[in-house]
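Residue-level listing of the chains:
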Amino acid sequence: MSPEEKEKMMTPLPPVETPQLSPTLQLSSLTRREENAVIELRRKHASARCASALRLFSECSSQYTIGVVWKCREMKEIMNECLRRANTVEDMDRARSIVLSEKLQRLEKTKDKPRTLI
């Protein structure tokens, strides 16, 4: 594999769009469950952005058992570098913004609902 091909495989696709949030929302307004959702969303986006590198390593690793450590080392390094580049602080903030906007939409829906005591 040429150095240009390696660099192309290591470069993740562009990130998803970030929703615009109101300045009143704080990042600290996420619960532990929502923070876990942020991490899962970030992982999902990184996997989608590095799909070609993941596929390359997966195809290599499916051909070998113990020898995967030596035979697929280059593909593993390409995959890890792509995932490292796709998991930046900006990507984490983007995932937080998405989860916060979903939370805001849920809160707006339930805002006018009457509460009943049972």
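Below or above, wherever it landed, is the structure these notes cover.

Cut-offs and rules
Residues numbered from 1 in each chain as written. Predicted model: local features only at pLDDT ≥ 70, side-chain atom pairs only at ≥ 80, totals over all residues. Heavy atoms only, no water. Helix = DSSP H or I, 4+ residues; strand = E, 2+ residues; numbered from the N terminus. Expected span 1.5 Å × (residues − 1). Buried < 20%, exposed > 50% of the residue type's maximum accessible area, 1.4 Å probe, protein only. Arc of directions from axis to C-beta. Salt bridge = Lys/Arg side-chain N within 4 Å of Asp/Glu carboxyl O. Axes fitted to C-alpha atoms, helices over the stretch in contact; angles between N-to-C directions. Parallel < 35°, antiparallel > 145°, perpendicular 65-115°, else oblique. Left-handed = near helix turned anticlockwise from the far one by under 90°. Contact = heavy atoms within 4.5 Å. Nonpolar A, V, L, I, M, F, W, Y, C, P; charged D, E, K, R; others polar. Disulfide = S-S within 2.5 Å.

1. Some thoughts on helix H2 (residues 32–49)
Argument step 1. If you check H2, its first and last C-alpha atoms are 26 Å apart, about what 18 residues at 1.5 Å a residue would give, namely 26 Å.
Argument step 2. Taken together, the buried positions of H2 are Glu34, Val38, Leu41, Ala46 and Arg49. An end-on view of H2 places all buried positions within 135 degrees of arc, on one side of the element. For H2, exposure combined with an orientation more than 90 degrees from the buried face picks out Arg32, Arg33 and Lys44.

2. As for the pattern of salt bridges
Argument step 1. Under the definition given, this model contains nine salt bridges.
Argument step 2. One salt bridge in this structure joins Arg106 and Glu34, with 3.3 Å as the shortest N-O distance. In this pair, Arg106 is assigned in helix H6 (residues 89–111) and Glu34 in helix H2, connecting sequence segments 72 residues apart.
Argument step 3. Owing to a relative accessible area of 45%, Arg106 belongs among the partly exposed residues under this scheme.
Argument step 4. Owing to a relative accessible area of 11%, Glu34 belongs among the buried residues under this scheme.

3. Looking at the packing of H2 against H6
Argument step 1. Two numbers describe how H2 lies on H6: the axes approach to 9 Å, and their chain directions differ by 125 degrees. Looking at the two axes, H2 sits oblique to H6. The handedness of the crossing between H2 and H6 comes out as right-handed. Across from Glu34, Glu35, Ala37, Val38, Ile39, Leu41, Arg42, His45 and Arg49 in H2, the residues of H6 making contact are Asp91, Met92, Ala95, Arg96, Ile98, Val99, Lys103 and Arg106.
Argument step 2. Here the contact of H2 with H6 is composed, by residue class, of eight nonpolar, one polar and eight charged.

4. Observations regarding the state of the cysteines
Argument step 1. Scanning the entire structure with this criterion turns up two disulfides.
Argument step 2. Between the sulfur atoms of Cys50 and its disulfide partner Cys82 the distance amounts to 2.1 Å. Classification of the bridge connecting Cys50 and Cys82 rests on its S-S torsion, roughly -95 degrees, and on that basis the disulfide is left-handed. Of this pair, Cys50 sits in the loop between H2 and helix H3 (51–61) while Cys82 sits in helix H5 (residues 73–86); the two residues are 32 residues apart in sequence, bridging distant segments of the chain. As far as burial versus exposure is concerned, Cys50 and Cys82 are alike and both buried.
Argument step 3. Here Cys60 connects covalently by a disulfide to Cys72, the sulfurs 1.9 Å from one another. Around the S-S axis, the bridge from Cys60 to Cys72 shows a dihedral of about -90 degrees and counts as left-handed. Taken together, the residues span a long stretch of sequence, with Cys60 in helix H3 and Cys72 in the loop between helix H4 (68–71) and H5 at a distance of 12 residues.

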